[in-house]
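Given next are the chains, with one letter for each unit.
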Amino acid sequence: MEHNNYLIKKLIPYIQSIFLVILAILICYPLRGIIGYQSVSLIFIFYIAFLSLIFKQGPILIASFFSALAWDYFFIPPQFTLYISNLEDILMFATYFVISIVTGILTTRISYQEKLAKYREERTNAIYTLTKALSNTSNLEEVINISTKQIKNFFNFDVIFLLAEKETLILKNSQIKLSKKEIAIATWSFINSKKSGRFTETLSTSEYTYYPLSTYRSKLGVLGFSSKDTIFSKEQETLLETFVYQISSSIEKELLNEKAKEIMLVRESERLQNTLLNSISHELKTPLATIMWSVKSLQDKETSKEEDIVNELNNEIYIASERLNRLVENLLDMSRLESGSLKLQLKWHDINDLIFSVLKELESDLKEHIVIFEPEENLPLIKIDFGLIEQAIFNIIFNACIYTHKGSKIKIKAYKEDSYIVIRIEDNGNGIPEESLNKIFDKFYRVDNSKSGGTGIGLSIVKGFIEAHHGLISVENLNNGLRFIIKLKT
Ligand code: ADP
């Protein structure tokens, strides 16, 4: 059926060219008395030259041949015979025949060359546009979307992508349903690395034409085209193959990128696990050793009689337990942040109350520091998870206490600025090196040579909690000391 249509399509220009010659004969026939039969041949030559702008070589040759015979039959005396009596007319007929054929052939050749040049330009443009668009993609989905769009633009074909995942082809166009038969044909193409389906010699009854997507390194999947036109031209086919190759390369690039990212992630998580284990075991050891040593001393009969020593040992045990407790709290907070199970209990609170609450909790740690906090009046209430923001401010003030020397000042200020409540916490310690400023909120990051103890997770938790409130946190060095700025949306 398709083949018949194709033949009819091919025959149409031949019929049209003959029809146009008949038309010319009909027009010229009544005029032959006025212009003379010889002039008619000149008109016919012009006419053939004109037709060769429209038709290809085959129809033009037929038109030339047919018009030459028609001229002889209808115009050259004796009329209505193919016989030519006059030698001059025979020469004229031969000249007409040759000229009309040569004119026809030359003009079609020129227009073919022109078409070829135009087609080549279009082809170069199409490949350039596709390559350029594909070079900017950053994931597989983008490659598929861009390729689909470019093929639609250039060929007006609908495209489907079937990519290989663990040796099975997975259809990537969610809006399309493929029958089992189509999938089987696509799989044939994938396995045999050959095109198949419609317009091909293999399984041509299918809806799509399948081209294997592969590079010299790997088989990636199959690309299916469905077109409303009947058959691809040879040029279209070559261009399509170039497109398929470009698309295959881009898909391979994205798949390799994804694999590299996965490997990086695994390495990163292995690194984090190791860091976590190292820092935790170190952090656990010191307070545990203190507790064990103190308890052992308390068991000693002589020591237990000395009230001062007993009090001191109890105090040591308390401080070490607090340190352990803080570590466990931080680890729990971190795992809540990591697992995404953090649920905010948002309620209206006064930030001044929150700061007072933190300062009270840190009272004994801050004994040897000068804390300056003047609560601002008329500070509006803010909707926050009290526990989380309290923990964040706690971690910052606690750091300010342990990373500065005794007698240092810790200044805290909370005020309203635009649509934010800003909390500023600054100390007058040594600050941190400039290069550490953008890493200080990273997990397990500790500034080189900073005081021992600590795991480097405190500030990452602070950032996580503030960002969970859609707030902002930044840090800057002062002339002396470090300043943290937290902004929470009112
Ligand atoms: P940790 O205190 O457990 O090491 P943090 O995430 O709380 O982890 O802090 C990360 C690093 O930032 C600390 O190791 C410390 O070097 C540095 N740091 C934090 N606060 C201050 C501060 N106020 N002054 C100087 N350095 C600080």
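Residues numbered from 1 in each chain as written. Predicted model: local features only at pLDDT ≥ 70, side-chain atom pairs only at ≥ 80, totals over all residues. Heavy atoms only, no water.

## Here we look at the pattern of salt bridges
Counted according to the given criterion, the structure contains 15 salt bridges. Salt-bridge contacts for Glu252 lead to Arg217; the nearest nitrogen and oxygen are separated by 3.0 Å. You can see Glu252 sitting in helix H8 (residues 234-299) and its partner Arg217 sitting in the loop between strand E4 (209-214) and strand E5 (219-226), a full 35 residues away along the chain. Given the relative accessible area of 54%, Arg217 is considered exposed. Taken together, the salt bridges that share partners define one network made up of Arg424, Glu426, Glu476 and Arg483. (Salt bridge = Lys/Arg side-chain N within 4 Å of Asp/Glu carboxyl O. Helix = DSSP H or I, 4+ residues; strand = E, 2+ residues; numbered from the N terminus. Buried < 20%, exposed > 50% of the residue type's maximum accessible area, 1.4 Å probe, protein only.)

## With respect to unusual backbone geometry
Residue Pro78 is reached from Pro77 by a cis peptide bond, and omega for that bond is -5°. In this model, Asn378 sits at a positive phi of 60°, which is unusual for a non-glycine residue. Here Asn378 lies in the loop between strand E7 (370-373) and strand E8 (382-384). Asn378 gets classed as exposed once you look at its relative accessible area, which sits at 77%. Its identity as a non-glycine residue notwithstanding, Asp418 has a phi of 50°, on the positive side.

## Some remarks on the nonpolar core
Membership of the largest hydrophobic core comes to 40 residues, with the highest contact counts inside it found for Ile351, Ile393, Ile397 and Leu488. Among the secondary structure elements, those contributing two or more residues to this core are helix H11 (351-361), E8, helix H12 (386-402), strand E9 (409-417), strand E10 (420-427), helix H13 (458-468), strand E11 (472-477) and strand E12 (482-489). Among the elements that line this core, the one with the most residues is H12, at nine residues. Leu488 has contacts with Ile351, Ile382, Ile384, Ile389, Ser419, Tyr420, Ile421, Ile423, Ile466, His469 and Gly471, leaving out every residue within four places of it along the chain. Grouped together as the second largest cluster of nonpolar side chains are 25 residues, Ala126, Leu130, Leu163 and Phe243 included. (Core = buried A, V, L, I, M, F, W, Y, C linked by side-chain atoms within 4.5 Å. Contact = heavy atoms within 4.5 Å.)

## Side note on the site of the ligand
In the region of the ligand, 18 residues are neighbours, and Asn399, Tyr403, Arg446, Thr455 and Leu459 sit closest. Arg446 places a polar side-chain atom, nitrogen or oxygen, 2.5 Å from an oxygen atom of the ligand. At 2.9 Å from an oxygen atom of the ligand is found a main-chain nitrogen or oxygen belonging to Gly456. Of all the elements in the fold, those that place two or more residues in the shell around the ligand are H12 and H13. Class assignment for the residues of the shell around the ligand results in nine nonpolar, seven polar and two charged. (Near = heavy atom within 4 Å. Polar contact = N/O pair within 3.5 Å; in protein donor to acceptor, adjacent residues only side chain to side chain. Nonpolar A, V, L, I, M, F, W, Y, C, P; charged D, E, K, R; others polar.)

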